[in-house]
Structure formats: C-alpha cells, structure tokens
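# Descriptive structure summary
This is what each chain is made of:
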Amino acid sequence: AQKVTQTQTSISVMEKTTVTMDCVYETRDSSYFLFWYKQTASGEIVFLIRQDSYKKENATEGHYSLNFQKPKSSIGLIITATQIEDSAVYFCAMRANTGANTGKLTFGHGTILRVHP
Amino acid sequence: EAAVTQSPRSKVAVTGGKVTLSCHQTNNHDYMYWYRQDTGHGLRLIHYSYVADSTEKGDIPDGYKASRPSQENFSLILELASLSQTAVYFCASSPTVYAEQFFGPGTRLTVL
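Just so it is clear, the model here is predicted, and its values are computed rather than measured. (Residues numbered from 1 in each chain as written. Chains lettered and ligands numbered in written order. Predicted model: local features only at pLDDT ≥ 70, side-chain atom pairs only at ≥ 80, totals over all residues. Heavy atoms only, no water.)

## So, the overall build of chain A
A tally of regular secondary structure across chain A gives 0 helices and 12 strands. Written out in order from the N terminus, the α and β elements of chain A read β-β-β-β-β-β-β-β-β-β-β-β. Taken over C-alpha atoms, the radius of gyration comes to 14 Å for chain A, in line with the 13 Å a tight globule of 117 residues would show. Counting only C-alpha atoms, chain A reaches 45 × 30 × 25 Å along its principal axes. (Helix = DSSP H or I, 4+ residues; strand = E, 2+ residues; numbered from the N terminus. Rg over C-alpha atoms; globule rule 2.2 N^0.38 Å.)

Right under this line is the structure:
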C-alpha cells in the first residue's frame, strides 16, 4: 500500500524568507511520480511542481524547488523569497507506476503555511 | 489553460435523497477523477475514468456511482445520501496517466 506523510501540521514564516516543507512516502514500486499541490483559502487546488523518481536532478519551477532524497523516500518542497500570497495549505502526493489505467494520487494530509509581513 | 468546472458549487441534501454532482472539462483530457476532501485531510479518490462510457473504482467507492457519458463530462452520483458523505468534492482531469492533474473548484455537499 502507498502512503504519504506530511509531519508538519503548520509552519509560520516571515515574508521574503525561505521555507521547506517535508514529505515522506512509502511505495513498493521502483518507478513513481511525486507532486506538490497548493490549496488556497478559496479552496482552489493548484498544481505546483513534480518529480519523477527516475530523474536525479531536483525539479525547479519559479520560486519552488524540490529536495528529492530517494534513499530516504523524502521529497521536500522549498519555497524561496516567500510572499504573503504563498499562505495556503500544501499537499504532497504520489502516483506509483502500478495499474496501467489509473492515475491515482495518494495525498498527504497537508501542511498549513502562514507567511507574515 | 486547463479548465475544469463543477456544478453545483454547493448543495444541501437530505438523508436518503439522490445527489448528482457534475464535472465538465474543456482540456480534451482522457482521464477524469472524483475525490472527496474532509476537513483537515487530504483528498481521497472515489472513482476515475480513462475513457467515455467506462468508470473505475478508486479507494472509497462505497455509496457512490460514477458516469462518464462523454470525454468532457463526468458525474458523481449518490443514490442514497448519508450524513457521512458531507464533504467537499473535487473533480480533476489529466491528459495522460503520468501527468499532473488539474482540479475543478470543488462542490461543498452538506447532507442533513
């Protein structure tokens, strides 16, 4: 069974600083895909960034980057130069490479990020 | 830009009643999904579909049916709504099984 765990319930940071959100996962698959999503206060869920397990380089997208540590089954999200509008709930999700016709994502419970001025 | 819409955006239903939640996407995506989100939790997959006229069970299908009459439309049906089905429901689509999913705005369902 797959499992995604986000141990940080909430994080508070000052604007313009860097924050890292943790995520660890469990899977028996050798190939898998990891995603980070953001849920805003309005409830909107937005895709941020992904990491494919076979890629050694950490993914980056704007002021988001990932710290992928495969031996530790860990995929941290790093947000640099945080802005007030980064305040949201951040979800880590995993899709294993089993079942040819499913894109099933397994989600963590989320980390609340609060960015203060 | 990806476009997934859901209707209604909120609904109050009575226990034992029938509820239909609708999802429409203009992305030309083959894959569509229904998730539920409970307060303070991540999303859990209810049903999904990879082609019109075919649906598959997700992790928590009990009490739910799904219908995919066309590539663009995917419905979630609660034949006999129960209190435990009070939640926010999200529809999503993706172009391939490997790609990221694009989510709709959600439907807040309250069963009384």
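## Focus: unusual backbone geometry
Look at the link from serine 7 of chain B to proline 8 of chain B: it is a cis peptide, with omega at -10°. Inspection of the secondary structure puts proline 8 of chain B in the loop between strand S1 (4–7) and strand S2 (10–13). One non-glycine residue, serine 73 of chain A, lies in positive phi territory at about 50°. Residue placement: serine 73 of chain A occurs in the loop between strand S8 (64–69) and strand S9 (74–79). Note on serine 73 of chain A: relative accessible area 25%, which makes it partly exposed. (Buried < 20%, exposed > 50% of the residue type's maximum accessible area, 1.4 Å probe, protein only.)

## Here's the deal with the interface of chain A and chain B
Every contact between the two is made by 20 residues of chain A and, on the other side, 19 residues of chain B. In total, chain A and chain B occlude about 1,800 Å² of area from one another, counting both sides; carbon and sulfur atoms represent 57% of this. Inspection of the chain A/chain B interface yields 2 salt bridges. Contributing elements (two or more residues each) for the side of chain A that touches chain B: strand S5 (32–39), strand S6 (45–52) and strand S10 (88–96) of chain A. The element best represented in the side of chain A that touches chain B is S5 of chain A, accounting for 4 residues. (Contact = heavy atoms within 4.5 Å. Buried area = accessible area lost by both parts, 1.4 Å probe. Salt bridge = Lys/Arg side-chain N within 4 Å of Asp/Glu carboxyl O.)

## A look at the environment of tyrosine 35 of chain B
Positionally, tyrosine 35 of chain B belongs in strand S4 (residues 31–37). Classification of tyrosine 35 of chain B as buried rests on a relative accessible area of 0%. Along the backbone, tyrosine 35 of chain B and serine 94 of chain B are 59 residues apart, and their C-alpha atoms lie at a distance of 14 Å. Not counting residues up to four positions away in its chain, the partners in contact with tyrosine 35 of chain B are Leu105 and Phe107 of chain A together with Leu43, Arg44, Leu45, Ile46, Val88, Tyr89, Phe90, Ala92, Gln101 and Phe103 of chain B.

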